[in-house]
Amino acid sequence: MRIPIIHFNDTEDGEPTPIPRSRITASSLDLTPVRLGQAAWAATPLTERVKIAKRIRELLAENPQQINRSLGGSAREDAETLASQILPLADACRFLEKEASNILRPRSLGSLHQPLWLRGTGVQIQHDACGVVLVVAPSNYALLLPGVVVLQALVAGNAVLLKPGPEGSGAGQTLFRLLEDAGLPSGLLTLLPSEESSVQAALEAGVDKVVFTGGARTGRILLHEFAERLVPAVMELSGSDAMFVRHDAEVPLAAKALLFGLRWNKGATCIAPRRVFVHRARAAELERCIVEQLTSQPHWGLRTSNSSRHIAHLVRAATASGAHILAGEVNQDTGDISAPVIVTNATPSMRLLREDHFGPAAAIVAVSDDDEALRCNEECPYALGASIFSRNETDAQALAARINAGVVVINDLIVPTADPRVPFGGRKDSGFGVTRGAEGLLELTVPKAVMTRRSRWRPHLEPPTPVDREIFTQYLKLAHSRGWGARLKAAGALFRAVCQRRKHERKN
């Protein structure tokens, strides 16, 4: 398998020459051949497009260790990478194989609930490809997150420009090679350099939709660019997920889930638990279970990234306002942390509970009931996901219905969202639009209604008559009046008005 080199222009003798990353411009990114290829691809039967997903799935199963190595992870992380990226991507491929034809097939509406005055008009809803889709990927889950979107976009008939995250170039190249080996026609996937200038160049070259996954701050800046060009976008932005531990929760399970969420992918997960709202009667038990489980687990080691320093700053601010550190340490001199950092006696107004961060840290807030937990939750501007721990599924479902979030998991977290059928997206400052699932596939299409008039009766094409107002008035009453008496009266008046119109037409 060859590693792709992205070529944006040609030399005079016809040999392609790569443009240095700092020189990528709209003029060097020519989408003309991409659009030609996309038009042919969209005209390809869906059954053929879906075969790409099947071949990708088979390649993932044949070469998991090779793919693991290409992502640059350590041997210790192989199992986690398989579980968090490669297996869910294969499952997403199978979902497309089984469901894409049902989701994307044209749908006839029939005559049920069709207005009477429009009877004789057939309606079919079609799902056209958007065209050229720009996928701006994050650095975490650098194969899975863009991989699912790219595959859904391709199956829907689009061409794709993929800009990997700052540390995701290797994953982007792996995805490119997989699609190349799967037989994807040349030119349908363009792998851009990971520099932010690639996004600007793609926008200026003219794309039809953007799927952005990343931080809320960057998302706001880019959204201004998208709006200026009227480019629709799916914005999957920051998270600061809440965990609700109710009075009837299995507390040891909640503690284990919390620590798993902070440990998984070293805490760099957008739907990791950051804020824990625990019933006041169970708070001490939760804290005790956390300490006991941490004592029995290997030490997590130090994190010295920019993210850890930001977390350290937020933790110091929280402790200065009365919070206590239950687990972990903050080095006051270097800003490093020992993970996980969990603070208690926190309040919703603390920055640690209101700002997004990308590391193994969480804050515990004791509450009196579900209502107080919901009020505390609403003080955070992010609404990506949430989890609930309760032995009473009925009450947990009722609480889930009241939580403002894109996905809510009961008695678990993170892992169930890997179900390829589940749409994923946020609310509030966590963005809008969804990826994955049937809804994510439809996001990468544009609906088109095709209407066929079969009735020979087209009175609207005839010259207006003096009784037209009476016809519309009586029809409105017949179709929408409250009681049957009023409707019957309107039916008689409508019949007389139509007869008058026909007499007028015969005279003229």
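Residues numbered from 1 in each chain as written. Predicted model: local features only at pLDDT ≥ 70, side-chain atom pairs only at ≥ 80, totals over all residues. Heavy atoms only, no water.

Take the sheet that holds strand β8 (residues 209–213) next. One open sheet holds the six strands; their spatial order is β7-β6-β5-β8-β9-β20, and the pairing between them is mixed. Taken across any chain shown, the strands that pair with only one partner, and hence form the sheet edges, are β7 (189–191) and β20 (431–432). Here strand β6 (residues 159–163) runs beside β7; their pairing, made up of three bridges, is parallel. Each bridged residue has a counterpart across the sheet, and for Val160 the counterpart in β7 is Leu189. Across the sheet, helix α5 (residues 144–155) is in contact with β5 (132–136), β6, β7 and β8; its angle to β6 comes to roughly 165 degrees. Packing of helix α6 (residues 169–181) onto the sheet brings it into contact with β6 and β7, and relative to β7 it is tilted by some 155 degrees. (Pairing = 2+ DSSP bridges. Helix = DSSP H or I, 4+ residues; strand = E, 2+ residues; numbered from the N terminus. Contact = heavy atoms within 4.5 Å. Axes fitted to C-alpha atoms, helices over the stretch in contact; angles between N-to-C directions.)

Attention shifts here to helix α1 (residues 32–42). Along an α-helix, residues three or four positions apart point the same way, because every turn accommodates 3.6 residues. Considered for burial, the residues of α1 that qualify are Val34, Gln38 and Trp41. Down the axis of α1, the buried set is contained in an arc of 60 degrees. They therefore lie on one face. Opposite its buried face, α1 presents the exposed residues Pro33 and Leu36, each directed more than 90 degrees away. Here the buried face of α1 lies against α2 (46–62), β4 (121–129), β5, α5, β6 and β7. (Buried < 20%, exposed > 50% of the residue type's maximum accessible area, 1.4 Å probe, protein only. Arc of directions from axis to C-beta.)

Below, the discussion takes up the sheet that holds strand β21 (residues 445–453). Taken in spatial order, the three strands make up an open sheet running β3-β4-β21, and their pairing is antiparallel. Both edges of this open sheet fall to β3 (107–108) and β21, since each of them pairs with a single strand only. As paired elements, β3 and β4 share two bridges and run antiparallel to each other. Bridge pairing in β4 places Arg107 opposite Ile125.

Counting residues in each nonpolar core, the largest one holds 75 residues, and the members touching the most others are Ile56, Leu134, Val150, Leu161, Leu179, Val207 and Val210. Among the elements that take part in this core, helix α4 (residues 78–104) stands out by supplying 10 residues, more than any other. If sequence neighbours within four positions are ignored, Ile56 has contacts with Cys93, Leu151, Leu178, Leu179 and Ala182. One finds Val245, Leu259, Leu262 and Val407 within the second-largest nonpolar core, a separate group that totals 34 residues. (Core = buried A, V, L, I, M, F, W, Y, C linked by side-chain atoms within 4.5 Å.)

Looking now at the confidence of the model for the protein. Across the protein, the average pLDDT comes to 90, with 92% of residues at or above 70. Taken as a whole, residues 1–23 scores under 50 in pLDDT and shows 38 contacts with residues more than four places along the chain or in a different chain. (pLDDT = per-residue confidence, 0-100.)

To continue, consider the environment of Leu71. Among the secondary structure elements, Leu71 is positioned in the loop between α3 (64–70) and α4. By relative accessible area, which is 23% here, Leu71 ends up partly exposed. Among all residues touching Leu71, those that are not within four sequence positions of it are Thr81, Gln85, Leu143, Ala171 and Thr174.

Before going further, it helps to examine the state of the cysteines. A covalent bond bridging the sulfur atoms of two cysteines is what the word disulfide describes. For the structure on display, the rule yields zero disulfides. This cysteine, Cys130, is not joined by any disulfide, and Cys93 carries the nearest cysteine sulfur, 20 Å off. We note that Cys380 lacks a disulfide partner, and the nearest cysteine sulfur, in Cys376, lies 12 Å from it. (Disulfide = S-S within 2.5 Å.)

Within the structure shown, the criterion is met by two aromatic pairs. Seen in terms of ring centroids, Phe244 and Phe277 are 5.7 Å apart; in terms of plane orientation they differ by 45 degrees. Their pairing is tilted. With a gap of 33 residues between them, Phe244 in strand β10 (residues 241–245) and Phe277 in strand β11 (residues 273–279) connect regions that are remote in the sequence. You can call Phe277 buried: its relative accessible area is 1%. Ring plane angle 35 degrees and centroid distance 5.2 Å describe the contact between Phe260 and Trp264, whose orientation is recorded as tilted. Accessibility assignment for this pair places Phe260 and Trp264 in one class, buried. The ring of Phe424 carries Arg436 above its face, with NZ or CZ at 4.6 Å from the centroid. (Phe/Tyr/Trp six-rings, centres within 6.5 Å; stacked < 30°, edge-to-face > 60°. Lys NZ or Arg CZ within 6 Å of the ring centre and 35° of its normal.)

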